[in-house]
Amino acid sequence: MTEHRFKLGMYLPELALPFDESLAKASEIGADCVWFNTLGADGQSMRELDDAAVDRIGEQVASHGLEIFLINIGNPFKQIHLTDLDLDCMEEHPEFRQDMDDMVRSMQIAARLGVGAVGVFTFAWPGEYTAAKPTWPMRWLTRGGHIADVDLEKLVRAFSLALEEAEKYDVDLALSMMPWNYTNTTGNFRRLAEALNSPRVKVMWGPSDNMNSGEADVATAGFLNIHPYLHGLHLKDLTVKNGLQLDFSYCPLGEGDVDYPAILRSLRDRNSDAVLSVATHFVPPSGSRVEAMEINYRNLNRMLGNL
């Protein structure tokens, strides 16, 4: 068997550096490709960039020997509560319309730069972005919650609209995973993906987010659910202290609850081309976000070396 070569990525905003500095640091640390949703530490939006400015971004990335494997303007659909949308006229909702516009602009930029996918999120569970988080205990106890038929209808309509745009620009939709959004587990993602039934539906798999949502078998059954749709993995790690109380803490990659060695072996055995995109979320004693990324890359490379 020939040795499998993983493609290593990085979520650039974790570094909190100016854009060109973040590219240089990503290359130095060992990334092959990058993902970003703003430009640099000040969070500059890409929404208003003209074609010349977009081209300069592509040139900057290439000058550091890197590729862009995913791009999105801001975080489309991340903080919109699905219950706030009406099935028949969701396009009239101002936040939905703004996020849809951002997503379409992301597609235009991706198409111009030859990037194959744009990143989107999958709407918030009821009351999620409030202090109470009223549905969290039920979601934890049911391994991520059950998507009601009425909510699935809304999700299918929203992403059918998104997929119509994706076809125009010949890009895929890579759905992100968060405990706070509807695709918080591999099972919930799979249910939506099968309802959409489009080859353009992909996923940025977040095993730690699945674990944090109560999906304990994420490295085994979860992998089988998600593998056919993989665009990349959003790699971070955590320890769940009390899931029912949403008590958890982020930690260095490979030191938390997620069985990353098992996941990496499964990817290797299937010769997967999914990008291993490293994030951090934890802060080392130094307080340096760059050091956090260096630690996670070091830990990832150690796990890969032990396969």
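Rules used throughout
- Residues numbered from 1 in each chain as written.
- Predicted model: local features only at pLDDT ≥ 70, side-chain atom pairs only at ≥ 80, totals over all residues.
- Heavy atoms only, no water.
- Buried < 20%, exposed > 50% of the residue type's maximum accessible area, 1.4 Å probe, protein only.
- Helix = DSSP H or I, 4+ residues; strand = E, 2+ residues; numbered from the N terminus.
- Arc of directions from axis to C-beta.
- Contact = heavy atoms within 4.5 Å.
- Core = buried A, V, L, I, M, F, W, Y, C linked by side-chain atoms within 4.5 Å.
- Salt bridge = Lys/Arg side-chain N within 4 Å of Asp/Glu carboxyl O.
- Phe/Tyr/Trp six-rings, centres within 6.5 Å; stacked < 30°, edge-to-face > 60°.

### Quick look at helix H8 (residues 218–226)
Thought 1: Among all positions of H8, only Val218, Ala219, Gly222, Phe223 and Ile226 are buried. End-on view of H8: buried residues confined to an arc of 110 degrees, all on one side of the axis.
Thought 2: Looking at the buried side of H8, the elements it contacts are helix H6 (186–196), strand E6 (201–205), helix H7 (207–212), strand E7 (230–235) and helix H9 (260–269).

### Notes on the nonpolar core
Soluble globular proteins tend to bury their nonpolar side chains together.
Thought 1: The biggest cluster of nonpolar side chains holds 89 residues, and the ones touching the most others in it are Phe36, Phe96, Phe123, Phe159, Leu173 and Leu276.
Thought 2: Take this core: its biggest share by element is 8 residues, from helix H5 (residues 149–169).
Thought 3: Dropping the residues within four chain positions of it, Phe96 is found in contact with Phe77, Ile80, Leu85, Met90, Glu91, Phe123, Ala158 and Leu161.
Thought 4: Counting 9 residues, the second largest nonpolar core, distinct from the first, contains Tyr11, Cys33, Ala174 and Met204.

### What to know about the pattern of salt bridges
Thought 1: Following the criterion strictly, the structure yields 18 salt bridges and no others.
Thought 2: Measuring nitrogen to oxygen at the nearest pair gives 3.1 Å for the salt bridge that ties Arg5 to Asp32. One end of the pair, Arg5, is in the segment before strand E1 (8–11); the other, Asp32, is in the loop between helix H1 (19–29) and strand E2 (33–36), with 27 residues separating them in the sequence.
Thought 3: For Lys133, the salt bridge goes to Glu128, with nearest N and O atoms at 2.7 Å.
Thought 4: Bridged by salt links that share partners, the residues Glu167, Asp170, Asp172 and Arg200 form one connected network.

### Looking at the packing of aromatic side chains
Thought 1: A full pass over the atoms with the stated rule returns 12 aromatic pairs.
Thought 2: Taken together, a centroid distance of 4.6 Å and an interplanar angle of 55 degrees make the contact between Tyr11 and Trp35 tilted. Of this pair, Tyr11 sits in strand E1 while Trp35 sits in strand E2; the two residues are 24 residues apart in sequence, bridging distant segments of the chain. A single burial state applies to Tyr11 and to Trp35, both of which are buried.
Thought 3: Taking 6.3 Å as the distance between ring centres and 10 degrees as the angle between the ring planes, the aromatic pair formed by Phe96 and Phe123 counts as stacked. Note that Phe96 is positioned in helix H3 (residues 94–113) and Phe123 in the loop between strand E4 (117–120) and helix H4 (136–141), a separation of 27 residues in sequence. Taken as a pair, Phe96 and Phe123 share a single burial class, namely buried.

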